[in-house]
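# Structural overview for review
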Amino acid sequence: MTDLATTTTTSLNKFEKFKAEKDGLAVKEEIEKFASLGWEAMDETDRDHRLKWVGVFFRPVTPGKFMMRMRIPNGILSCEQMRVLAEVVQRYGDEGSADITTRQNIQLRGIRIEDLPEIFDKFHAVNLTTVQSGMDNVRNITGDPVAGLDADELFDTRELVQQIQDMVTNNGVGNPEFTNLPRKFNIAITGGRDNSVHAEINDLAFVPAFKEAEGARGDLISEQGAGEEMTPSSSQKVFGFNVLVGGFFSAKRCEAAVPLNVWVPPEDVVALCRAVLEVFRDNGLRANRQKARLMWLMDEWGIEKFRAEVEKQFGRSFISAAVRDEIDWEKRDHVGVYKQKQPELNYVGLHVPVGRLYAEDMFEIARLAEVYGSGEIRLTVEQNFIIPNIADSLLETFLTEPVLDKFAINPTLLMRSLVSCTGAQFCNFALIETKNRALATIKALEAELELTHPVRIHWTGCPNSCGQPQVADIGLMGTKTRKNGKAVEGVDIYMGGKVGKEAQLGTCVTKGIPCEDLLPVLRELLVEHFGARLREPAAV
Ligand code: SRM
Ligand code: SF4
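As the structure is a computational prediction, the values presented were derived from the model and not from experiment.

## Focus: empty space enclosed by the protein
- Following the criterion strictly, the structure yields 2 cavities of 30 Å³ or more and no others.
- By volume, the largest cavity amounts to about 40 Å³.
- For the largest cavity, the full set of lining residues is Asp144, Pro145, Val146, Asp150, Glu153, Gly191, Gly192, Asp194, Ser196, Arg332 and His334.
- The calculated volume of the second largest cavity comes to roughly 30 Å³.
- Forming the boundary of the second largest cavity are Thr102, Arg103, Thr142, Val197, His198, Ile201, Asn202, Val381 and Gln468.
- The class makeup of the residues in the lining of the second largest cavity is 3 nonpolar, 5 polar and 1 charged.

## Section: the site of ligand 2
- Neighbouring residues of ligand 2: Cys421, Thr422, Gly423, Cys427, Phe429, Ala430, Thr460, Gly461, Cys462, Asn464, Ser465 and Cys466.
- A class-by-class count of the residues in the shell around ligand 2 yields 6 nonpolar, 6 polar and no charged.

## Some details on the domain arrangement of the chain
- Considered domain by domain, the chain is made up of domain 1 (4–125), domain 2 (158–190 + 197–314), domain 3 (336–411) and domain 4 (416–534).
- Placing the centre of domain 1 and that of domain 3 at their C-alpha centroids yields a distance of 29 Å.
- Contact with domain 1, which involves 26 residues of that partner, is made by 23 residues of domain 3.
- Taking both partners together, domain 1 and domain 3 bury about 2000 Å²; carbon and sulfur atoms supply 66% of that area.
- For the domain 1 face of the interface with domain 3, the top three residues by lost area are Met82, Arg83 and Ile100, together amounting to 32%.
- Salt-bridge contacts for glutamate 370 lead to arginine 83; the nearest nitrogen and oxygen are separated by 2.6 Å.
- Here domain 1 is connected to domain 3 by 9 residue pairs in polar contact (both at pLDDT 80 or more).
- Mapped by element, the contributors of at least two residues to the side of domain 1 that touches domain 3 are strand E3 (76–78), helix H4 (79–90), strand E4 (97–100) and strand E5 (106–111).

## Considerations on the environment of aspartate 361
- In this fold, aspartate 361 is placed in helix H11 (residues 359–372).
- The exposure class of aspartate 361 is buried, given its relative accessible area of 5%.
- Once residues lying within four places of it in the same chain are set aside, the contact partners of aspartate 361 are Lys406 and Phe407.

## Structural notes on the packing of aromatic side chains
- Evaluated as defined, the whole model comprises 16 aromatic pairs.
- Taking the centre distance of 6.4 Å and the plane angle of 80° together, the rings of phenylalanine 18 and tryptophan 53 count as edge-to-face. With phenylalanine 18 in helix H1 (residues 14–21) and tryptophan 53 in the loop between helix H3 (44–48) and strand E1 (56–57), this pair connects stretches of sequence that are 35 residues apart.
- The exposure class assigned to phenylalanine 18 is buried, which follows from its relative accessible area of 7%.
- Judged by relative accessible area, tryptophan 53 falls into the buried class, the value being 0%.
- For the ring pair phenylalanine 185 and phenylalanine 280, a centre distance of 5.4 Å and an interplane angle of 40° mean the geometry is tilted. Here phenylalanine 280 lies in helix H8 (residues 269–283) and phenylalanine 185 lies in the loop between helix H6 (158–169) and strand E6 (187–189), a separation of 95 residues in the sequence. Just as phenylalanine 185 is buried, phenylalanine 280 falls in that class too.
- The structure contains a cluster of three or more aromatic residues connected by ring pairs, namely Phe155, Phe206, Phe210, Phe239 and Phe241.
- Note that arginine 47 overlies the ring of phenylalanine 58, its terminal NZ or CZ placed 4.1 Å from the centroid.

About the criteria used
Residues numbered from 1 in each chain as written. Chains lettered and ligands numbered in written order. Predicted model: local features only at pLDDT ≥ 70, side-chain atom pairs only at ≥ 80, totals over all residues. Heavy atoms only, no water. 1 Å grid on protein atoms, 1.4 Å probe; cavity = no way out; pocket = protein on both sides within 12 Å on 5 of 7 lines; lining within 4 Å. Points joined across faces, edges and corners; volume = space filled by probe spheres on them. Nonpolar A, V, L, I, M, F, W, Y, C, P; charged D, E, K, R; others polar. Near = heavy atom within 4 Å. Domains from an automatic or database assignment. Contact = heavy atoms within 4.5 Å. Buried area = accessible area lost by both parts, 1.4 Å probe. Salt bridge = Lys/Arg side-chain N within 4 Å of Asp/Glu carboxyl O. Polar contact = N/O pair within 3.5 Å; in protein donor to acceptor, adjacent residues only side chain to side chain. Helix = DSSP H or I, 4+ residues; strand = E, 2+ residues; numbered from the N terminus. Buried < 20%, exposed > 50% of the residue type's maximum accessible area, 1.4 Å probe, protein only. Phe/Tyr/Trp six-rings, centres within 6.5 Å; stacked < 30°, edge-to-face > 60°. Lys NZ or Arg CZ within 6 Å of the ring centre and 35° of its normal.

Written out as structure tokens, the structure reads:
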């Protein structure tokens, strides 16, 4: 590992300096102390930065009311876990809420620091962790939301995602090996055909791919015995993953991930994650924080050297990538009722407007999962949730539940694909308010327009791009602009984002539209590019 003490401190950015002084994870042992001190008396670096290593985020917009970011591997949680999260939010009354995030995860709001010891105990009791969910850590690891349910999947990602999380976090306890990365790090793994995780925007992603027998390790073929089921045309092919690296969004630069020209069988995925993380940790750029993501290291070295270094760390010769991957479907959103591969069982995707939940919603979701399903709840990167394992015999009654009025299974076509980051309500980076504005704009557009298919509109409050405007049909990125000589909230508009097979990032097509003038601009885009038609005026 790089010895930070030998690097001149002047060449390190301020984040590197405070990390070198005290590892972020150290605050884990100080939670009781912080709880009794109170947020105002705490050391500011601990409060504003290091607490993020245990998933606790000071919110300058609402001082004293913290946000907690969970880790929900593969986006799967139990009704018991959901109830614990609901109880935490409930104690804060009107100030408590939660959001489903664009990484298939949950964030809780309104948290008081004095309650942290009790909250962590409650999490521990139901095997929930928040560890390493913020700052220079590996973020929530995403996987197929219908893993194990989808008849067409090639690989069930659930166990692998959990194994990667366990490796990175030392089974949720915290792992000092990986708490001082040069920057955040995103990992995604998909075993389905529709790239449900946006593989292309992760620092490290695994996409399904079959390798011809002679190219794969011989031992795998004999081990895989039952391989026929997973093989599309011949038993001479072995299932595994092609590896993509370097995808990321930042205010300075956005890049889609590129092929590493490596194929791994499932059992090597965790080891490869470790190797890439070690190379990044020990060699990633730490002087300029704006140039610290993995792609910048890949640029500096060139992909060949990067691959060679990861191979060295991996300790075995790499197998080159399969010629093609198996991502050949359009991306599904999973909203609605779908048959599972298990006979007589269904999964139902419910739409959560801009991902926002309150305590009563969370209790209700837990109840639905328990009464109608197997007690499991799944989250999607579109900020929605799925209840799996609903028997045919219970489906009809399930569909009469009043909560489906709020969380629809057949939302209107623009609402259906709406995604929004946190925005100015809670995020101090935000240049504009997002979630409420996104909802109001969609309602206004739907009152005027008729559509024939969903159009994916993503809002993000600033160029950090948490709301992923670059993957949207229409992406709206918050900015400040001028109108009549006055500074006003505005958006830059992105278009051309394509998800699923042949995913590609959208680009900025228009800059600085004042939010108050946005409606007619969006109306025109929807009519011109997405086949929307103006509604007939209602007959009097
Ligand atoms: Fe993000 C920072 C919210 C997904 C790129 N992001 C932040 C912070 C922590 C800033 C802050 O301290 O206020 C935001 C917390 C606001 C709050 O109170 O909620 C924040 N990011 C979010 C979430 C909640 C957006 C959402 O509404 O869903 C997402 C949480 C994911 C999770 O569960 O872990 C979220 N952020 C993303 C994504 C999308 C993704 O991962 O697919 C991106 C772009 C992809 C990427 O990272 O490459 C993203 N967030 C950023 C960046 C820019 C990173 C960079 O390299 O410069 C920042 C700023 C930073 O890290 O310095 C940031
Ligand atoms: Fe905050 Fe900007 Fe991320 Fe939105 S995109 S959550 S405003 S940092």
